[in-house]
Amino acid sequence: MDGAYDDRDGKIWLDGKMVDWREANVHILTHAMHYASSVFEGERCYNGKIFKSREHSERLRKSAQYLDFEIPYSVDAIETAKYEMLKANGWTDAYVRAVAWRGAGPDMGVSAARNPVRLAIAGWEWGNYYGDAKMQGAKLDISKWKRPSPETIPVHAKAAGLYMICTTSKHAAEAKGCSDALFMDYRGYVAEATGANIFFVKDGEVHTPLADCFLNGLTRQTVIGMLKDKGLTVHERHIMPEELEGFEQCWLTGTAAEVTPVGQIGDYTFEVGALTREISEDYEKLVRA
Ligand SMILES: Cc1ncc(COP(=O)(O)O)c(C=O)c1O
């Protein structure tokens, strides 16, 4: 299946019903279109089982609460809906995209408490997020934008508004031949990529930015657990950009990225080393276990 994302065969779960793909539409005066009142999840189903499915559904509901709206479906109902969508499309291996938003209603301004909250769950078949970077190591640009302070925006929500600078940063990176961009945060510390968290290796120990102003990814948490189970030391801490020079290995983690080695960030280079390969392979086994 390919082509534009609004012009495909298949089914999408929308507000409690399975609808034909091309009929899953919203009105132009949808609040979310104008004011970014939208939250979403990215999940992957492997061999018929969505990895960390409940955790994703719980995060979706929590993200909505950060934006001051309540999704009118329980975690159990969201779980059922995701698997119904997969079944209706005949998929056992797919990316799953749940999205909840404030729809069109009596309010069309900043305040929108009376507008209905809507939920859709779609999916598609998707391979490697960074193409062949899984083997060679992705090349990252450094974004001119910074991850914002928790005092300026709900940084722990997976909310559409937080992706505005991700899209512009990724466009700038791709124009330079890079696959993604790395953000520093508002204090100047290394933060994350546009849709993935980051890890570094030095002298057999692992370092990863403290998730105090960006999404503490489910993959990040899983990988930290895997590393600790191997007896490795993981430092979750503030990392200065000058430290990039001293790190030997680097990888990204995320539902879409899985564990993707990084070969270059700006002028700094990293080897796709043994630990990077091991964690990447272990993660692939874990999600299919
Ligand atoms: C900005 C951002 N950071 C980190 C992540 C990684 O999160 P997860 O591992 O839960 O997919 C994602 C992906 O959802 C993301 O979009």
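Fair warning: this is a prediction, and the values are worked out from it, not measured in the lab. (Residues numbered from 1 in each chain as written. Predicted model: local features only at pLDDT ≥ 70, side-chain atom pairs only at ≥ 80, totals over all residues. Heavy atoms only, no water.)

1. Topic: the site of the ligand
- Surveying the vicinity of the ligand reveals 14 residues, the closest of which are Lys158, Tyr163, Glu192, Thr219 and Thr255.
- In the model, an oxygen atom of the ligand is placed 2.4 Å from a nitrogen or oxygen of the Tyr163 side chain.
- Isolated, the ligand exposes 380 Å² of accessible area, and the fraction of that covered by the protein chains is 95%.
- Within the shell around the ligand, the residues separate by chemical class into four nonpolar, seven polar and three charged. (Near = heavy atom within 4 Å. Polar contact = N/O pair within 3.5 Å; in protein donor to acceptor, adjacent residues only side chain to side chain. Areas by Shrake-Rupley, 256 points an atom, 1.4 Å probe, with all protein chains shown as cover. Nonpolar A, V, L, I, M, F, W, Y, C, P; charged D, E, K, R; others polar.)

2. Some remarks on the packing of aromatic side chains
- By the definition in use, this model includes 10 aromatic pairs.
- Here Tyr5 and Trp124 contribute two aromatic rings whose centre-to-centre distance is 5.2 Å and whose plane-to-plane angle is 70°, an arrangement assigned as edge-to-face. Of the two residues, Tyr5 is situated in the segment before β1 (11–14) and Trp124 in strand β6 (residues 117–124); the sequence distance between them amounts to 119 residues.
- Trp124 sits in the buried class, given a relative accessible area of 11%.
- On the numbers, 4.6 Å between centres and 65° between planes, the contact of Tyr95 with Trp126 is edge-to-face. With Tyr95 in strand β5 (residues 94–102) and Trp126 in the loop between β6 and α4 (133–136), this pair connects stretches of sequence that are 31 residues apart. (Phe/Tyr/Trp six-rings, centres within 6.5 Å; stacked < 30°, edge-to-face > 60°. Helix = DSSP H or I, 4+ residues; strand = E, 2+ residues; numbered from the N terminus. Buried < 20%, exposed > 50% of the residue type's maximum accessible area, 1.4 Å probe, protein only.)

3. So, the domain arrangement of the protein chain
- We note that the domain assignment places domain 1 (11–124) and domain 2 (133–287) within the protein chain.
- Put simply, the middle of domain 1 and the middle of domain 2, counted by C-alpha atoms, are 26 Å apart.
- Of the roughly 1600 Å² buried where domain 1 meets domain 2, counting both sides, 66% is carbon and sulfur surface.
- Of all residues in domain 1, the largest losses of buried area upon contact with domain 2 belong to Phe40, Phe51 and Arg59, amounting jointly to 36% of the total for that side.
- Inspection of the region where domain 1 meets domain 2 yields one salt bridge.
- Notably, a salt bridge pairs Arg44 with Glu258, separated by 3.9 Å at the nearest N-O pair.
- Linking domain 1 with domain 2 are seven residue pairs in polar contact (both at pLDDT 80 or more), by the criterion used here.
- Looking at the side of domain 1 that touches domain 2, the elements with two or more residues in it are β3 (38–46) and α2 (53–66).
- For the side of domain 1 that touches domain 2, the residue count by class is eight nonpolar, four polar and six charged. (Domains from an automatic or database assignment. Buried area = accessible area lost by both parts, 1.4 Å probe. Salt bridge = Lys/Arg side-chain N within 4 Å of Asp/Glu carboxyl O.)

4. Things to note about the pairing of strand β10 (residues 197–202)
- The buried count for β10 comes to five of six residues, which makes it a mostly enclosed element.
- Here β10 pairs with strand β11 (residues 205–209) via three bridges, running antiparallel. Each bridged residue has a counterpart across the sheet, and for Lys202 the counterpart in β11 is Glu205.
- Connecting the antiparallel pair β10 and β11 is a turn made up of two residues, with Asp203 showing a positive phi of about 50°. (Pairing = 2+ DSSP bridges.)

5. Here we look at helix α6 (residues 218–229)
- Over its 12 residues, α6 extends 17 Å from the first C-alpha to the last, a length consistent with the 16 Å expected when each residue adds 1.5 Å.
- Of the residues flanking the end of α6, it is Gly231, one or two places downstream, whose phi is positive at about 85°. (Expected span 1.5 Å × (residues − 1).)

6. Brief notes about the nonpolar core
- Of all hydrophobic cores here, the largest spans 26 residues; its most connected members are Ile71, Leu86 and Ile121.
- In this structure, this core is formed jointly by two domains, domain 1 (11–124) and domain 2 (133–287), each of which donates at least three residues.
- Those residues within four positions of Ile71 in sequence are excluded, and the remaining contacts are Leu60, Arg61, Ala64, Ile78, Ala100, Val117 and Leu119.
- Grouped together as the second largest cluster of nonpolar side chains are 20 residues, Ala133, Phe200, Ile239 and Val262 included. (Core = buried A, V, L, I, M, F, W, Y, C linked by side-chain atoms within 4.5 Å. Contact = heavy atoms within 4.5 Å.)

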